[in-house]
Amino acid sequence: MRNFLLLALLLSAFSARAARVDTLAIPSAAMSKTYRAAVVLPASYAKNKKANYPVLYLLHGAWGHFDNWLSKTPDKQLLHRLADQYNLIIVNPEGETFSFYLDSPVKADSKFETYLTREVIPAVDQAYRTVRDRRGRVISGLSMGGYGALSLSARHPDLYCAAGSMSGALELSSANRKFTPEEAAWRTKNLSPILGSEADNPTFFSTNSVINMVDQIHRNGLPLIFDCGVDDGLLEINREMHRRLVYNHTPHDYTERPGGHTWEYWQAALPYHVLFFSQVLKQNGTTVPL
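The sections below set out a description of the structure shown in this document. Along each chain, residues carry numbers from 1 onward, in the same order as the chain's sequence is written. In keeping with the model being predicted, local features are shown solely for residues with a pLDDT of at least 70 and side-chain atom pairs are shown and tallied solely at 80 or more, while totals for entire chains, interfaces and linings include all residues. Side-chain figures throughout are based on the complete set of non-hydrogen atoms in the structure, without hydrogens or water.

**Brief notes about the packing of helix H3 (residues 78–86) against helix H11 (residues 263–284)**
It is at 11 Å that the axes of H3 and H11 come closest, and there the two elements cross at 20°. Compared by their axis directions, H3 and H11 come out roughly parallel. Along this stretch, H3 crosses H11, giving a crossing that reads as right-handed. Within the contact between the two elements, H3 uses Leu-78, Leu-79, Leu-82 and Tyr-86 and H11 uses Gln-267, Leu-270, Pro-271, Val-274, Leu-275 and Ser-278. In this classification, Asp, Glu, Lys and Arg are treated as charged, Ala, Val, Leu, Ile, Met, Phe, Trp, Tyr, Cys and Pro as nonpolar, and every other residue, Gly included, as polar. The residue makeup of the contact of H3 with H11, split by class, is 8 nonpolar, 2 polar and no charged. Helix axes are fitted to C-alpha atoms over the stretch in contact, other axes to C-alpha atoms as well, and angles between N-to-C directions run from 0 to 180 degrees. Helix and strand definitions here come from DSSP, where helices need a minimum of 4 consecutive H or I residues and strands a minimum of 2 consecutive E residues; each element is numbered from the N-terminal end. Convention used here: angles under 35 degrees read as roughly parallel, angles over 145 as roughly antiparallel, angles from 65 to 115 as roughly perpendicular, and any remaining angle as oblique. Each crossing gets its hand from how the near helix is turned against the far one by less than a right angle, where anticlockwise is left-handed and clockwise is right-handed. The contact criterion used is simple: two residues touch if any of their non-hydrogen atoms lie within 4.5 Å.

**A few points about empty space enclosed by the protein**
Here the term cavity refers to a set of points on a 1 Å grid, laid over the protein atoms alone, in which a 1.4 Å probe fits but cannot get out; the term pocket refers to an open set having protein on both sides within 12 Å along at least five of seven lines, with lining residues being those that place an atom within 4 Å of a point. Grid points are joined across faces, edges and corners, and a volume is the space filled by probe spheres set on the points. Here the structure, examined in full by the defined rule, presents 1 cavity of 30 Å³ or more. The dominant element in the lining of the largest cavity, judged by the number of residues it contributes, is helix H5 (residues 144–155), at 3 residues. Class assignment for the residues of the lining of the largest cavity results in 5 nonpolar, 2 polar and no charged.

**As for the pairing of strand S5 (residues 137–141)**
Residue burial is assigned from relative accessible area. The probe radius is 1.4 Å, only protein chains are included, and a residue is buried under 20% of its type maximum, exposed over 50%, and partly exposed in between. Counting buried positions along S5 yields 5 of 5 residues, so the element is predominantly enclosed. Alternating residues of S5 divide into Arg-137, Ile-139 and Gly-141 and Val-138 and Ser-140, and every residue in both groups is buried. When DSSP finds two or more bridges between a pair of strands, those strands are recorded as paired. With 5 bridges connecting them, strand S3 (residues 55–59) and S5 associate as parallel partners. From the neighbouring strand, Tyr-57 faces S5, where its bridge partner is Ile-139. Note that S5 and strand S6 (residues 162–166) share 2 bridges and pair parallel. Bridge pairing in S6 links Val-138 to Ala-162. Read from S5 through H5 to S6, the crossover connection turns out right-handed. Whether a crossover is right-handed depends on one test, that the path from the first strand over the helix to the second runs clockwise when the strands point away from the viewer.

**Focus on the sheet that holds strand S4 (residues 89–92)**
Taken together, 8 strands build an open sheet; the order of strands is S1-S2-S4-S3-S5-S6-S7-S8 and the sheet is mixed. The sheet is open, and its two borders are formed by strand S1 (20–28) and strand S8 (253–257), each paired with just one other strand. On average, each strand axis in the sheet is inclined to that of its neighbour by 20°, with strand direction left out of account. Note that strand S2 (residues 33–41) and S4 share 3 bridges and pair antiparallel. Counterpart to Ala-38 in the pairing with S4 is Asn-92.

**Thoughts on unusual backbone geometry**
Despite not being glycine, Glu-96 shows a phi value in the positive range, around 55°. Looking at where Glu-96 falls in the secondary structure, it is placed in the loop between S4 and helix H4 (112–127). Take Glu-96: its relative accessible area is 26%, and that puts it in the partly exposed class.

**A short note on the side chain of Ser-99**
By the secondary structure assignment, Ser-99 is in the loop between S4 and H4. Nitrogen and oxygen atoms within 3.5 Å of one another constitute a polar contact, given that in protein one can donate a hydrogen and the other can accept it, and given that sequence-neighbouring residues count only through two side-chain atoms. A distance of 2.5 Å separates the side chain of Ser-99 from the backbone oxygen of Gly-95, its partner in a polar contact. Within polar-contact distance, the side chain of Ser-99 engages the backbone nitrogen of Tyr-101 at 2.9 Å. Apart from the residues within four sequence positions on either side, Ser-99 is in contact with Ser-110, Phe-112, Met-144, Ile-194 and Leu-195.

**What to know about the packing of aromatic side chains**
By convention, a stacked pair of Phe, Tyr or Trp rings (six-membered ring in the case of Trp) has centres within 6.5 Å and planes under 30 degrees apart, an edge-to-face pair has planes over 60 apart, and any other such pair is tilted. Throughout the structure, instances matching the rule amount to 12 aromatic pairs. Centre to centre, the rings of Phe-100 and Tyr-147 are 5.3 Å apart; their planes meet at 75°, and the pair counts as edge-to-face. Residue Phe-100 is located in the loop between S4 and H4, and its partner Tyr-147 is located in helix H5; the two are separated by 47 residues in the primary sequence. Across the pair, Tyr-147 and Phe-100 agree in class, each one buried. Aromatic rings pair up to connect Tyr-35, Phe-112 and Tyr-115 into one cluster. Placement of a charge over a ring requires the Lys NZ or Arg CZ to be within 6 Å of the ring centre, with the centre-to-atom vector within 35 degrees of the ring normal. Geometry around Tyr-45 places Arg-129 over its ring, the cationic atom sitting 4.0 Å from the centre. Its end group placed over the ring of Tyr-272, Arg-257 keeps NZ or CZ at 4.2 Å from the ring centre.

**Re the layout of surface pockets**
Each pocket or cavity is described by its volume, and for the largest pocket that value is around 650 Å³. Mapped onto the lining of the largest pocket, the elements with two or more residues apiece are helix H6 (181–190) and H11. Per-class residue counts for the lining of the largest pocket are 14 nonpolar, 5 polar and 7 charged. Approximately 210 Å³ is the volume found for the second largest pocket. Counting only elements with at least two residues in the lining of the second largest pocket, the list comes to H3 and H11. Of the residues in the lining of the second largest pocket, the class split is 9 nonpolar, 3 polar and 1 charged.

Okay, here's the thing in structure tokens:
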């Protein structure tokens, strides 16, 4: 009986310290739909009623949905621990399977740039005690989400104070790439319904490639962190992004690590992003004391 009571007390203490996950319904006037977002709240949020918390927007990849970062990492408590370790709210919004977090030029009900920047952020700020200012808001993601994080932060530097990408698909254009017939068919099947035909609208694909945004990124001056696995098919694109940022003298943190385009890799990479962001937030004076 004594051991049972001790175990109950330990479990109660652990649950009191553990982060919790909300599912927030966020309607989109732009798309006439309602999507869900997962919101990871640090344990201290329930007790610290006066503090406003910084927010990490963490984006999923292609074929994915809003709950991927919680359901697909080998360690299902990864986001919980990071939220508690840094007193940080982590928001996983919906981006559908191939939106690239852009406003589609051909599909009227795919407006994810508008959704993320004009609808998700205000909804989160209204629902929770957040730092309602770019000084307390950061963004990162994997693959398509890495593209989205760097793209959105480049075009909306008024919303974020730092950005990151893991294994980012940073080039939409095929101008500098050679595709096999199978890869070309895949692009036509999966991307064309959302982004349109590159043959018909090459300017859209070129101007929306993150590797072509380096001058804007330089002018914005946001702290950047991005990485890629050495066995990842997107490695050369990330290396080219790094080369262009070095060439135009844009400060950034770039790393190559062992691994491929896998959840094991992204699980290992994410803590480095959150550590990087925590330092920026601390400099901004928007962290919540532990």
